[in-house]
Amino acid sequence: MEDGARLMGSFEGTARGHQVPPSGWRICLAHQFAEKRKPYQASDVSASDVVKHLGLGMRYLRWWYRKTHVEKKSPVIDLFNPLPLRQIYGCPLGGFGGGTITRGWRGEFCRWQLNPGMYHYKTVLADQFTVCLRREGRTVYQQVLSVERPSALQGWNWGYCGHYAFYHALYPRAWTVYQLPGQDVVLTCRQVSPIIPHNYQDTSLPVGVFVWELENGGGEAVDVSIMLTLRNGLGTKEDKRGGHWNEPFSVEQAGARVSGVMLHHCSPGNPYTLAISAREQAGTGVTHLTAFDPAGSGRAVWQDLLQDGRLGSPAGEAPRGPRGQRGGSELRGRLPRPALGGWPVDRPVACRVPEAGGARGEFGSSSG
């Protein structure tokens, strides 16, 4: 385990973020781990251990064959197809027992547990946050908040400089602080999961919240838009099955209004719905797009936001995707800000609402 000073050795910024605690695990987004790890696999078993545990090995082979070839399921322990050990994971998003989505310390959505106990280790490239800054009615800065430079979605501005950002984890919360180069603006993204002491029912909810805080150190007002793009699926072959669809929604309760998009994933074994939303407040705006192609260039989405800091907000649900086509959706929250100071920009919410399977919470009561 590398020490804290080494993990932050690549950080060249001066920002400390908004109310980031001193305790926790902190790492610069530009850090590169020197240690290369390798998973334990069948080839690592010595000949003497093979002879010594021959009976155990035969039982494992029979179990592995039944799982993979008869039941067509992924074995919990797979020595023949081990997962690579990647030092990318951060705090999971979600409660206890209802499934989680893990966001890596560089900001990627990289591990999916929609059914408790079943994990998909797949980084979904299209699931990203993007910031748009506008001054005096024109866009001056628009950037995907990712250090990656992928070959897909070439119409987006990738390659955020990781030397000016850091990740700080203190479960069940995590913070990512972005010092935007040349803009005198610092963004703090606080990730919160519903881990509430002595409240198991709410703690098991499959939801999470991203709270964005803006610090404007410049001398002029700036309008900030935060866009979250989300693919309808987990990056698996099920995404191409077809029949998936998205629709906007809006809910008002107790004087608070939340707007967003629901992404219905119609897999035959376990259909589920992913929902992204943002709370509307005075002086803010929430806009959306119900569909884009995460396998394309993404240029239309990018230009839509670049033009005026807003998305088109088409009415009604998006058409169901044909077989072989992937789909996604975007949600954008916007808040104008004065020239100096620091304030919350928006509160986008990412949540999962499975329609079937083990991630749905059910609670009973007893009396007397």
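Before going into details, it helps to say that this report is about the structure given with it. Given the structure is predicted, the values throughout are model-derived calculations rather than measurements. (Residues numbered from 1 in each chain as written. Predicted model: local features only at pLDDT ≥ 70, side-chain atom pairs only at ≥ 80, totals over all residues. Heavy atoms only, no water.)

### What to know about the pattern of salt bridges
Side chains that differ in charge, positive against negative, can pair when their charged atoms come close. Our working rule: Throughout this description, the term salt bridge denotes a Lys or Arg side-chain nitrogen within 4 Å of a carboxyl oxygen of Asp or Glu. The buried label goes to any residue with under 20% of its type's maximum accessible area, the exposed label to any with over 50%, and the partly exposed label to all in between, with areas taken from a 1.4 Å probe on protein chains only.
The full count for this structure, using the stated rule, is five salt bridges. Glu-71 serves as the salt-bridge partner of Arg-66, at 3.6 Å between the closest nitrogen and oxygen. Residue Arg-66 is classed as partly exposed on the basis of its relative accessible area, which comes to 38%. Residue Glu-71 is classed as partly exposed on the basis of its relative accessible area of 32%.

### Topic: the nonpolar core
Operational definition: Residues grouped as a nonpolar core are buried Ala, Val, Leu, Ile, Met, Phe, Trp, Tyr and Cys residues, joined through side-chain atoms within 4.5 Å. For helices the rule is a DSSP run of H or I covering at least 4 residues; for strands it is a run of E covering at least 2, with both sets numbered from the N terminus onward. Two residues form a contact once any of their heavy atoms are found within 4.5 Å.
Membership of the largest hydrophobic core comes to 44 residues, with the highest contact counts inside it found for Val-131, Leu-145, Tyr-178, Leu-180, Leu-187 and Trp-212. Considering every element that reaches this core, the biggest residue donor is strand E12 (residues 222-231), with five residues. Aside from chain neighbours lying at most four places away, what touches Tyr-178 is Leu-29, Arg-103, Leu-145, Tyr-160, Tyr-164, Ala-165, Val-185, Val-186, Leu-187 and Trp-212. Residues Ala-126, Trp-156, Leu-289 and Trp-302 belong to the second largest nonpolar core, which totals 13 residues.

### Remarks on the side chain of Thr-273
To keep things clear, this is the line we draw: Any pair of nitrogen or oxygen atoms within 3.5 Å is treated as a polar contact; in protein, a donor-acceptor pairing is required on top of that, and neighbouring residues in sequence qualify only through side-chain atoms on both sides.
Here Thr-273 is to be found in strand E15 (residues 272-280). Looking at Thr-273, the relative accessible area reads 4%, which means it is buried. A polar atom in the side chain of Thr-273 sits 2.9 Å from the side chain of His-264.

### Some remarks on the layout of surface pockets
As a reminder, the rule being used: A pocket, in this scheme, is an open set of points on a 1 Å grid over the protein atoms alone with protein on both sides within 12 Å along at least 5 of 7 lines, while a cavity is a set where a 1.4 Å probe fits but cannot get out; residues line either one if an atom lies within 4 Å of a point. Grid points are joined across faces, edges and corners, and a volume is the space filled by probe spheres set on the points. When residue character is reported, Ala, Val, Leu, Ile, Met, Phe, Trp, Tyr, Cys and Pro are called nonpolar, Asp, Glu, Lys and Arg charged, and the others, Gly included, polar.
What the largest pocket holds in volume is close to 1,400 Å³. Every residue lining the largest pocket is counted, 36 residues in all, and those nearest its centre are Ser-74, Met-118, Tyr-119, His-120 and Tyr-121. Contributing elements (two or more residues each) for the lining of the largest pocket: helix H3 (54-70), strand E4 (109-115) and strand E5 (118-120). In terms of residues, the lining of the largest pocket owes the most to one element, E5, which gives three residues. Per-class residue counts for the lining of the largest pocket are 16 nonpolar, 11 polar and nine charged. Lining the second largest pocket are 14 residues, and of these Val-45, His-53, Gly-57, Tyr-60 and Leu-79 lie nearest its centre. For the lining of the second largest pocket, the secondary structure elements donating two or more residues are helix H2 (47-52) and H3. Of all the elements, H3 adds the most residues to the lining of the second largest pocket, at six residues. Here the lining of the second largest pocket is built from residues that sort into 11 nonpolar, two polar and one charged.

### Details of the packing of aromatic side chains
Each aromatic ring pair is characterised by the separation of its centres together with the angle its planes make. Inclusion rule: Centres within 6.5 Å make a pair out of two Phe, Tyr or Trp rings, where for Trp the six-membered ring is used; the pair is then stacked when the planes are under 30 degrees apart, edge-to-face when over 60, and tilted otherwise. Comment: the charge-over-ring label is applied if NZ (Lys) or CZ (Arg) is within 6 Å of the ring centre and within 35 degrees of the ring normal.
Inspection of every chain in the model, using the stated rule, returns 15 aromatic pairs. Residues Tyr-160 and Tyr-178 carry aromatic rings whose centres are separated by 5.6 Å and whose planes lie at 80 degrees to one another, so their mutual orientation is edge-to-face. With Tyr-160 in the loop between strand E7 (138-144) and strand E8 (165-170) and Tyr-178 in strand E9 (residues 173-180), the pair connects residues that are 18 residues apart, well separated along the chain. A residue is classified by how much of its surface remains accessible, and Tyr-160, at 3% relative accessible area, is buried. By relative accessible area, which is 0% here, Tyr-178 ends up buried. For the ring pair Tyr-178 and Trp-212, a centre distance of 6.2 Å and an interplane angle of 15 degrees mean the geometry is stacked. Pair noted here: Tyr-178 is in strand E9 and Trp-212 is in strand E11 (residues 207-216), with a separation of 34 residues, a long-range link. As far as burial versus exposure is concerned, Tyr-178 and Trp-212 are alike and both buried. Ring pairing ties together the aromatic residues Phe-109, Phe-129, Tyr-160, Tyr-178, Phe-210 and Trp-212, which thus form one cluster. Sitting over the face of the ring of Tyr-89, Arg-111 holds its NZ or CZ atom 5.4 Å from the ring centroid.

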